[in-house]
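# Coordinate analysis (summary)
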Amino acid sequence: MEFSILADSFNKMESTRKRLELTQYLVELFEKTPHEVISKIVYLLQGKLRPDFEGIELGVAEKLAIRAISKSSGIPIKKIEDEYRKGGDLGHAASVILEQKTQTTFLVEDITVERVYETLFKIANLEGSRSQDMKMKYISSLLNDANPLEASFILKILLGTLRLGIAENTVMDALAIAFSGSKENRKILEHAYNVSSDLGKVAETIATSKLEGVEKFEVILFNPIRPMLADRVKSEDEAVEKMGNEFAAEYKLDGERVQLHVEGEKVVLFSRSLENISSYYPDIIEKIPKAIQAENAILEAEAVAINENTGEFLPFQELMHRRRKYKIEKAVTQYPITVNFFDILYCNGKSCLQMDYKSRRDKLEKIVKEDDYAKHIPMAIVKNSNDIEDFLENSINSGSEGLMLKMLDKPYQAGSRGNYWLKLKREYRNELGDSLDLVVIGGFFGKGRRTGNYGTLLLATYDEDQDTFTSICKVGTGFSDEDLDQLYQILNPKVTIKKNPRIDSEMEADVWFEPELVIEAVASEITLSPIHKAARDTIRKDAGLALRFPKFTGKIRVEKAAEDASTNEEVITLFKGQKKVAHDKNLI
Ligand code: AMP
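Predicted model, so just to flag it, every value in this text is computed and none were measured.

This part takes up the packing of helix α10 (residues 168-180) against helix α12 (residues 199-215). The interhelical angle for the contact between α10 and α12, taken along N-to-C directions, is 10 degrees, at an axis separation of 10 Å. Considering the angle they form, α10 stands roughly parallel to α12. Each of E168, V171, M172, L175, F179 and S180 in α10 lies in contact with α12, whose residues at this interface are L199, A203, I206, A207, K210 and L211. Of the residues contributing to the contact of α10 with α12, the split by class is nine nonpolar, one polar and two charged.

Laid out in structure tokens, this is it:
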């Protein structure tokens, strides 16, 4: 397939942020795409080469790309840097430069999507001392044959700056329309995606074997399953109302969710956002096979830092010391953990997703043999508010965050949030009712002691319908100096020249970030706001919702993807809840 078709399509997509238009462009692109390249196209349009869990990173630095442009165009590095500085986008700068060049040279050979993809793949796999030279050779050979528009997109993919603003749901809508004639069939695609976490594979399957093929998708060992999520409740009574007469309550431990894929001595660990995190937990890899009494299994657990002397659970932040590339062995002894199992998704070659909670829990207890390191998460069957309250108190006394409540007769719903699981957190007694997980979308430079850091951050909720990140508050309190330094390190590489099209904010920030990082905040109240965009026009026309007196809690939720942040639905519920409390107290 000619790469120019893809470049033209990307060019159109870059010019809009409207979901319907994007879907239409995607449908047109998929219809022109031969089946054998469709998976590649699906990865490329998300700026990837393979699904995230395979961890393939392109990792090309700007300097190297500039050298490659210079090599293939014969234009001095300095001139390219000047052009780059003008617009801040190297892809665009390259297209301007190559535009001048093509006027003076012969027409180039057509390049194909296959060739670009394969070359990018080779670049991603290069390692070692000579890799920089080799990378440069590969890049300049592509640029030699690319027209200016193609070159600009090749560079954007290489540098990780391709920002088409296309969410997975939009890709699935377009695939359903292009290959089954109706958007309604997205549900079937979603199921396949939820069990495989591989959108490229879903695309290839629907293109080659239609919906029947997609319906046959099954869980595969060592391919992560998208996790099931919980809705929140604010009180024991609300939980009983939603859960019925009898249900399970489990401790909600404050650690990192880990999906373990185990077969014999082989163990692979995935985070909640499906990143391969095996290297952070060599202790799990070593110790867990002994505890598993099955040929193979996929299990879910919460890895929690503990105080070795008292056995008490420690907060999530302690675990973050393990997020390092070097000296991990030292971190393992300094920050010991236990692995607390709460679900089983696959066992001895068969999926357990359709089994109800009760049967899964029974199986889990049989398969995981408990020891000092591997535990079953504490669970009790509860029937009423009093039972919940007692168990909640126990859980909080042992250092956990609250409870997870789970319906006994329901299956595991991969990739979705629903009422089958509810979370009841300790903070439900604080002023707002709960903490919120918010996406950092913008930053404001600090003054005084905070000079050189982002002193204030602009935060957003996730709008599930529009698939956008809607501003909800600016937060400047609750940060220690250490927090600010750490946030700067994380956020600086996410700075963008142009606001990402999925960000919905009227407020102007000093810098915009890729909407990727999630942090936790509390606030005293949710108010109507003329400026902020969260839940705009829902409660009142021309007004959004905003947080009053927001404060950072100290928790950077690196394990969460932006789409896992608090949604506008949740904020609306909290807003209505606080009105009800005020009403009950005769305050309004
Ligand atoms: P939240 O991050 O507040 O949305 O809560 C969901 C998270 O709680 C999950 O992603 C897990 O990391 C964690 N968690 C702790 N204990 C449990 C449990 N017993 N069952 C399910 N998730 C749990």
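In this section: the pattern of salt bridges. On inspection of all chains with the given rule, the structure shows 41 salt bridges. Residue E570 is joined to R232 by a salt bridge in which the shortest nitrogen-to-oxygen separation is 2.8 Å. Residue E570 is located in helix α19 (residues 568-584), and its partner R232 is located in strand β1 (residues 229-233); the two are separated by 338 residues in the primary sequence. With relative accessibility at 9%, the residue E570 sits in the buried group. D409 is the salt-bridge partner of K410, the closest N and O atoms lying 3.7 Å from each other.

When its domains are assigned, the protein chain resolves into domain 1 (48-159), domain 2 (229-429) and domain 3 (435-586). Once you take the C-alpha centre of each, domain 1 and domain 2 turn out to be 44 Å apart.

What follows concerns the site of the ligand. By nearness alone, 15 residues border the ligand, and E250, E302, K406, K423 and K560 come closest of all. Taking E250, its side chain carries an N or O atom lying 2.7 Å from a nitrogen atom of the ligand. In the environment of the ligand, an oxygen atom lies 3.1 Å from a nitrogen or oxygen atom belonging to the side chain of K252. In isolation the ligand offers 500 Å² of accessible surface; the protein chains occlude 96% of this area. Put simply, the parts of the chain that give the shell around the ligand at least two residues each are β2 (247-252), β10 (402-406) and β11 (417-425).

Further remarks concern the packing of aromatic side chains. If you walk through the whole model with that rule in mind, you get 11 aromatic pairs. Centre to centre, the rings of Y412 and W421 are 5.8 Å apart; their planes meet at 85 degrees, and the pair counts as edge-to-face. Like Y412, the residue W421 is buried in the burial classification. Ring geometry for F479 and F552: centres 4.8 Å apart, planes at 20 degrees, overall stacked. Taken as a pair, F479 in the loop between β14 (468-475) and α18 (481-491) and F552 in strand β21 (residues 551-556) lie far apart in primary sequence, 73 residues in all.

The subject of this paragraph is the packing of helix α1 (residues 3-14) against helix α9 (residues 148-159). Two numbers describe how α1 lies on α9: the axes approach to 9 Å, and their chain directions differ by 75 degrees. The angle between the axes of α1 and α9 places the two elements in the roughly perpendicular class. Residue-level inspection shows F3, S4, A7, D8, F10, N11 and E14 of α1 in contact with α9, the latter providing L149, E150, F153, I154, K156 and I157. In terms of residue class, the contact of α1 with α9 is built from seven nonpolar, two polar and four charged.

Turning our attention to the sheet that holds β1. Judged by pairing direction, the sheet is mixed, and its five strands sit side by side in the order β1-β11-β10-β2-β9 without closing on themselves. Looking along the sheet, the strands with just one partner apiece sit at the ends: β1 and β9 (379-382). Looking at each pair of strands side by side, their axes are set apart by 35 degrees on average, direction ignored. Most of the contacts of helix α16 (residues 357-367) go to β2, to which it runs at about 50 degrees, and overall it touches β2, β9, β10 and β11.

Definitions and cut-offs
Residues numbered from 1 in each chain as written. Predicted model: local features only at pLDDT ≥ 70, side-chain atom pairs only at ≥ 80, totals over all residues. Heavy atoms only, no water. Axes fitted to C-alpha atoms, helices over the stretch in contact; angles between N-to-C directions. Helix = DSSP H or I, 4+ residues; strand = E, 2+ residues; numbered from the N terminus. Parallel < 35°, antiparallel > 145°, perpendicular 65-115°, else oblique. Contact = heavy atoms within 4.5 Å. Nonpolar A, V, L, I, M, F, W, Y, C, P; charged D, E, K, R; others polar. Salt bridge = Lys/Arg side-chain N within 4 Å of Asp/Glu carboxyl O. Buried < 20%, exposed > 50% of the residue type's maximum accessible area, 1.4 Å probe, protein only. Domains from an automatic or database assignment. Near = heavy atom within 4 Å. Polar contact = N/O pair within 3.5 Å; in protein donor to acceptor, adjacent residues only side chain to side chain. Areas by Shrake-Rupley, 256 points an atom, 1.4 Å probe, with all protein chains shown as cover. Phe/Tyr/Trp six-rings, centres within 6.5 Å; stacked < 30°, edge-to-face > 60°. Pairing = 2+ DSSP bridges.

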